[in-house]
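The residues making up each chain are set out below.
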Amino acid sequence: MDTNFTDNFLVKENQKFNLKDFNTDYKGDLTKEEGQKMLDAEKKKLYELQEKLYADGSQSLLVVIQAMDAAGKDSLIEHVFGGVNPQGCEVTSFKTPTSKEYSHDFIWRHYLALPEKGKIGIFNRSHYESVLVCKVHPEYNLSEKVWKSTDEIDEKFWKNRYESIKDFEKHISRNGTKIVKIFLHVSKEEQKKRFLDRIAEQEKNWKFSIGDLKERAVFDQYMKAYEEAISETSKDHAPWFMIPADQKWFARLTALQIIINALEEMNLKFPELSAEDKAGLAEAKRQLESE
């Protein structure tokens, strides 16, 4: 696969863009069968790079995944990361904050979930919920007990939130965490199809909630919130990628290549043994072979 093809989905720093300019059904010239073969091959490369990341132990990788309901976040994580060593990879799925989490600033709980050096951390939803769902439903911000009404939440408030996010990401980037942010861009039509599939298939019923329809009713408002948040926060050290997600297999393949590219850019190396360590290995080999 041409690794440069992922640049087509990169939102460059200071780039203003419109989500409508991104085709949710794009799959290039590939067939699903070709894409699946490539996915299997590239997963082996991811395994090797993760092993090198773990052995190097000086950096970490944070993968942020955001999307509308039914865009395929969970299945993407399963298919992309299913073959890596679980000791070096951790998924954190962020739900509605607890009362304890609300008693801290909005980034606090995300800071606690950052990956250790040598590991990959995956945020299934993230600190961006505070400028997405909380922007579409400003009443949710009242749980932080800072405001008495939504009338007090103005544009300056949102600008400050973007600045806090950028400061957070810049800080962790400076301290050895490589950041990749992925938006799975699914169409409203495809979301409807997937919701109907969840209702029709009994084994998928648990995935559907009546609350999903409430969020679907404000789909366009979410798109506007995503446009602004991504435009404000896509930086060279913490880029956003807009992945077409109507074709799940293509979204998985593209996300995998983006993650592989990020790991390769980290210039990871296996530790080099000192002369003393090499001598110790030679002695250990001698003793084992003499048994």
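Residues numbered from 1 in each chain as written. Predicted model: local features only at pLDDT ≥ 70, side-chain atom pairs only at ≥ 80, totals over all residues. Heavy atoms only, no water.

K.L.:
In this structure, what is going on with the overall build of the chain? I would like to understand it.
P.N.:
Counting its secondary structure elements, the chain contains 11 helices and 6 strands. Here the chain holds 291 residues, and the buried ones make up 47% of them. For the chain, the share of sequence-separated contacts (at least 6 apart) that also reach a separation of at least 24 residues comes to 82%. Carbon and sulfur atoms make up 48% of the accessible area of the chain, which amounts to about 15,900 Å² in all. The positive charge centre, built from 45 side chains, and the negative charge centre, built from 51, are 2 Å apart in the chain. (Helix = DSSP H or I, 4+ residues; strand = E, 2+ residues; numbered from the N terminus. Buried < 20%, exposed > 50% of the residue type's maximum accessible area, 1.4 Å probe, protein only. Contact = heavy atoms within 4.5 Å. Areas by Shrake-Rupley, 256 points an atom, 1.4 Å probe, with all protein chains shown as cover. Lys, Arg positive; Asp, Glu negative; His and termini not counted. Charge placed at Lys NZ, Arg CZ, Asp CG, Glu CD.)

K.L.:
Hey, could you run me through empty space enclosed by the protein in this one?
P.N.:
A probe as big as a water molecule, rolled over the atoms, marks out the empty space that is left. Considering all chains together, one arrives at 1 cavity of 30 Å³ or more under this definition. In this structure, the largest cavity is lined by Ala71, Gly72, Ser75, Leu76, Leu184, Ala245, Lys248, Ala251 and Arg252. Elements with a contribution of two residues or more to the lining of the largest cavity: helix H2 (73-81) and helix H10 (248-265). In terms of residue count, the dominant contributor to the lining of the largest cavity is H10 (3 residues). (1 Å grid on protein atoms, 1.4 Å probe; cavity = no way out; pocket = protein on both sides within 12 Å on 5 of 7 lines; lining within 4 Å. Points joined across faces, edges and corners; volume = space filled by probe spheres on them.)

K.L.:
Hey, could you run me through the sheet that holds strand E3 (residues 89-93) in this one?
P.N.:
The sheet built from 6 strands is open, its strands ordered E1-E6-E5-E2-E4-E3 with mixed pairing. In the strand order of this sheet, the two ends are held by strand E1 (10-11) and E3, each with one partner. Taken strand by strand, helix H9 (residues 219-233) contacts E1, strand E2 (60-67), strand E5 (177-185) and strand E6 (240-244), and its axis lies near 155 degrees from that of E5. (Pairing = 2+ DSSP bridges. Axes fitted to C-alpha atoms, helices over the stretch in contact; angles between N-to-C directions.)

K.L.:
Just to check I follow, could you spell out helix H7 (residues 188-200) for this structure?
P.N.:
Given a rise of 1.5 Å per residue, 13 residues ought to cover 18 Å, and the 18 Å separating the end C-alpha atoms of H7 matches this to within 8%. Of the positions making up H7, those classed as buried are Glu190, Gln191, Arg194, Phe195 and Arg198. End-on view of H7: buried residues confined to an arc of 140 degrees, all on one side of the axis. Residues of H7 that are exposed and angled more than 90 degrees away from the buried face: Glu189 and Ala200. Where H7 is buried, its residues touch helix H8 (210-216), H9 and H10. (Expected span 1.5 Å × (residues − 1). Arc of directions from axis to C-beta.)

K.L.:
Would you take a moment to explain the side chain of Asn261 for this structure?
P.N.:
Within the element layout of this structure, Asn261 appears in helix H10. Polar side-chain contacts of Asn261 include one of 3.2 Å to the side chain of Thr6. At 2.8 Å, the side chain of Asn261 forms a polar contact with the side chain of Gln257. (Polar contact = N/O pair within 3.5 Å; in protein donor to acceptor, adjacent residues only side chain to side chain.)

K.L.:
Where do I start with the pattern of salt bridges in this structure?
P.N.:
Where charged atoms of side chains with opposite charge meet at close range, the side chains can pair. A full pass over the atoms with the stated rule returns 17 salt bridges. The salt bridge partner of Glu13 is Lys235, with a shortest N-O separation of 3.9 Å. Taken together, the residues Glu13 in the loop between E1 and helix H1 (32-56) and Lys235 in the loop between H9 and E6 connect sequence positions 222 residues apart. With a closest N to O distance of 3.0 Å, Glu163 and Lys166 form a salt bridge. With a gap of 3 residues between them, Glu163 and Lys166 both fall in helix H6 (residues 155-174), about one helical turn apart. By relative accessible area, Lys166 is classed as buried at 15%. (Salt bridge = Lys/Arg side-chain N within 4 Å of Asp/Glu carboxyl O.)

K.L.:
For this particular structure, what's the right way to read the environment of Ile258?
P.N.:
Residue position: Ile258 is located in helix H10. On the basis of relative accessibility, which here comes to 2%, the residue Ile258 falls in the buried class. Remark: the alpha-carbon pair of Ile258 and Asn4, spanning 254 residues in sequence, is separated by 9.4 Å. Among residues more than four places away in sequence, those in contact with Ile258 are Thr6, Val180, Phe241 and Ile243.

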